[in-house]
Amino acid sequence: MKNLIFLLLILSQTAIARSYYTYEYEEFDQIITELINTKAEVDEQIIAVNKVLIEKGHLTGKILEDVNRFSEKRINLRKRAYEYFMSYLYLVKVRSKKIKDLGEHEIKGLVNALAVAVTLFDVTNYTYINFLGHRKLRILLNERDSSYKRAENTFKRSIKGVYSVRNRKYLKRAIRIYKNFYVNNEEIYGDDDVVKADNIIKNSFVYSKYKNGSNFKELIKITGARLKISLKNKLDFLSFIGNSVVYYGSKLFGNVMGSFQKRRGKLFENAKFMMKVRKRLEPLDILLEKTPFRLTDNFIPGYWGHAAIYIGNQKDLQKLGIWNHDLVQKYKEQILSGKTIVEALRSNVQINSLDHFTDIDDFAIIRLNKELTSDEKAQHILRALSHIGKKYDFSFDVETGETIVCSELHYRTYIDIDFNTSTILGRPTISVDQVAEQALVNMPFSPKLLYIDGRKVKDEVMQVIYDQKLNTPLPGDILDDDDTFESQQFYKNLNLEPFRDELIDLGPMEDLG
């Protein structure tokens, strides 16, 4: 009976070991596949970034999203790969000469772990070669960005980690153990799953360098690579100093000017206005405002001075299936209290109520013409929420991630929209008018509600008045044959006389008889 119990115990332990190894191998296979695919993704990213830079001269919202998501994915994959190799750290922490015997499971596990480590090294080295010399990508990937849970100097640290003396030492010891306990006993441990790892190791760059031990030349290469990374980082730091001068100078100016306000807005705490806005609003609507009574309004280029995004209420978010999402739950209490508008103010990016948006004279709601799927709407809303808490971008650079202005919030949320930008002091910037122009006639957005000088513009003439306020020539399909636009003749043809009392302060229209 005792012998039977002992036999059953042995069999159960063997089954558990096999089950554990099967799980471990599945994780190994998945990590290896993802690491190998990373090389192709690096190539695709470089091509896409360079193409956009040639065409636009700056990184678009879509490219910024793609680069940051790929970086987030790569960081998570690197962490998984590192943890997989570190599960056998106890074997490489001691000198390989001290290891006299290893069990079959340990040898197979170490071979798989080493295959992951050498692949990680090769992929990281490939990324280093392609990204380090690309200034825009290097700066972007070293920038802290809470939207993607990325710490400052992440790219620099990950590359330096590969070239660290400690990690190189662990790799060399693992290779020695692999040679001593596996290569010389291949016929014993050569089952198919380990053969795959064995082939990866033998064909890796790392193994070709370390299989015969390290040398002085290799040490020089490691030192040189680390120095190169440090030098690039110092050059980026000098650029950061220059940007900081502009940032803090602009911040001081903005905060001083922002404190001057002559009066309250004509729509301030207007109950009728609030009711109409609430009836019209839909998730992902953009809210535009103008405040000519504030001194800062005189320094903002264009007509509109501020923009925000309406994310919807609890019912809307439940309908989209994201009410229980971690990011939404983070702001659950604010949303339930009526805070449903995301906006970037001088203090930071915040979630506020509509009441906070009434100290204004002019107001517009603009909405995407294309009907998005529920998943697309959800992703847009989550992108907007991810920026809450970030500082105001007083350097007005659309490519920075951890600092953001109101117009950049839209640039980084509506990533499929081809926004126009301007270059100021060598930086790509986007004004509120460049967001608002997306709702001109025949553009991706349309105005859904418009107030001018505290009064509502009737829906029948909303698009015309909206376009005219942006001071933008109307598209060719409604121009005269000679491609000129006579505003007086055009408005007379539209028969706007019934809406005369709604046309407030409209420049050329004052001449209409």
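Colleague: Would you take a moment to explain the overall build of the protein for this structure?
Modeller: Counting its secondary structure elements, the protein contains 20 helices and nine strands. Partitioning the contacts of the protein with sequence separation of at least 6, the portion at a separation of at least 24 is 73%. Total accessible area computed for the protein in this model is approximately 26,300 Å², and 53% of it derives from carbon and sulfur atoms.

Colleague: Explanation requested: the nonpolar core in the structure shown.
Modeller: Residues F28, L288, W304, L385, Y414, L450 and Y466 are the most contacted members of the largest nonpolar core, which totals 115 residues. Per element, the largest residue contribution to this core is 14 residues, and it comes from helix α4 (residues 104-131). Apart from the residues within four sequence positions on either side, Y414 is in contact with L284, D285, I286, I309, L368, H380, F419 and F445. With 16 residues, the next largest nonpolar core counts L267, L281, Y310 and I360 among its residues.

Colleague: Please explain the pairing of strand β4 (residues 349-353) as it appears in this structure.
Modeller: Both faces of the sheet carry side chains from a regular strand, because those side chains alternate between them. Burial within β4 is extensive, with four of its five residues counted as buried. Strand direction decides the pairing type here: strand β3 (residues 339-344) and β4, joined by five bridges, are antiparallel. Residue pairing for β4: V342 is matched across the bridge by I351. The antiparallel pairing of β3 with β4 creates a hairpin that spans four residues between the two strands.

Colleague: Mind showing me how you'd approach the sheet that holds strand β2 (residues 306-310) here?
Modeller: On the basis of which strands lie adjacent, the open sheet formed by seven strands has the order β4-β3-β2-β1-β5-β8-β9 and antiparallel pairing. Of all the strands in the sheet, the pair left with one neighbour each is β4 and β9 (455-456). Bridge count for strand β8 (residues 445-452) against β9 is two bridges, and the pairing is antiparallel. The partner of I452 across the bridge, within β9, is R455.

Colleague: Please explain the environment of K73 as it appears in this structure.
Modeller: Within the secondary structure, K73 is located in helix α2 (residues 61-86). As a C-alpha pair, K73 and E34 span 39 residues in sequence and 9.9 Å in three-dimensional space.

Colleague: Explanation requested: the packing of α2 against α4 in the structure shown.
Modeller: At a closest axis distance of 8 Å, the pairing of α2 and α4 adopts a crossing angle of 150 degrees. Along this stretch, α2 crosses α4, giving a crossing that reads as left-handed. For the pair α2 and α4, contact is made by R74, R78, A81, Y82, Y84 and F85 and by N112, A113, L114, V116, A117, L120, T127 and F131, respectively. For the contact of α2 with α4, the per-class residue count stands at 10 nonpolar, two polar and two charged.

Colleague: I tried to follow the packing of aromatic side chains on my own but got confused; where do I start?
Modeller: By convention here, two paired aromatic rings are described through the distance between centres and the angle between planes. Within the structure shown, the criterion is met by 12 aromatic pairs. Where F121 meets F205, the ring centres are 6.2 Å apart and the plane angle is 5 degrees; that geometry is what we call stacked. Note that F121 is positioned in helix α4 and F205 in helix α10 (residues 205-210), a separation of 84 residues in sequence. The class for F121 is buried, based on a relative accessible area of 6%. Pairing Y414 with F445 gives two aromatic rings, centres 5.6 Å apart and planes at 80 degrees, and the pair type is edge-to-face.

Colleague: Please explain the pattern of salt bridges as it appears in this structure.
Modeller: If charged atoms from side chains of opposite charge come close, those side chains can pair. One pass over the full model with this rule turns up 21 salt bridges. In this structure, K56 and D418 form a salt bridge, with 2.5 Å as the shortest nitrogen-oxygen distance. Of this pair, K56 sits in helix α1 (residues 2-56) while D418 sits in the loop between α17 (406-413) and β6 (422-424); the two residues are 362 residues apart in sequence, bridging distant segments of the chain. With a closest N to O distance of 3.4 Å, K202 and D198 form a salt bridge. You can see K202 and its partner D198 sitting in helix α9 (residues 192-202), four residues apart, about one turn around the helix. Judged by its relative accessible area of 2%, D198 falls in the buried class. Salt bridges here are not isolated pairs; linked through shared partners, they connect E27, E34 and R80.

Definitions and limits used
- Residues numbered from 1 in each chain as written.
- Predicted model: local features only at pLDDT ≥ 70, side-chain atom pairs only at ≥ 80, totals over all residues.
- Heavy atoms only, no water.
- Helix = DSSP H or I, 4+ residues; strand = E, 2+ residues; numbered from the N terminus.
- Contact = heavy atoms within 4.5 Å.
- Areas by Shrake-Rupley, 256 points an atom, 1.4 Å probe, with all protein chains shown as cover.
- Core = buried A, V, L, I, M, F, W, Y, C linked by side-chain atoms within 4.5 Å.
- Buried < 20%, exposed > 50% of the residue type's maximum accessible area, 1.4 Å probe, protein only.
- Pairing = 2+ DSSP bridges.
- Axes fitted to C-alpha atoms, helices over the stretch in contact; angles between N-to-C directions.
- Left-handed = near helix turned anticlockwise from the far one by under 90°.
- Nonpolar A, V, L, I, M, F, W, Y, C, P; charged D, E, K, R; others polar.
- Phe/Tyr/Trp six-rings, centres within 6.5 Å; stacked < 30°, edge-to-face > 60°.
- Salt bridge = Lys/Arg side-chain N within 4 Å of Asp/Glu carboxyl O.

Honestly, that's just the spatial picture; any functional story needs more than this.
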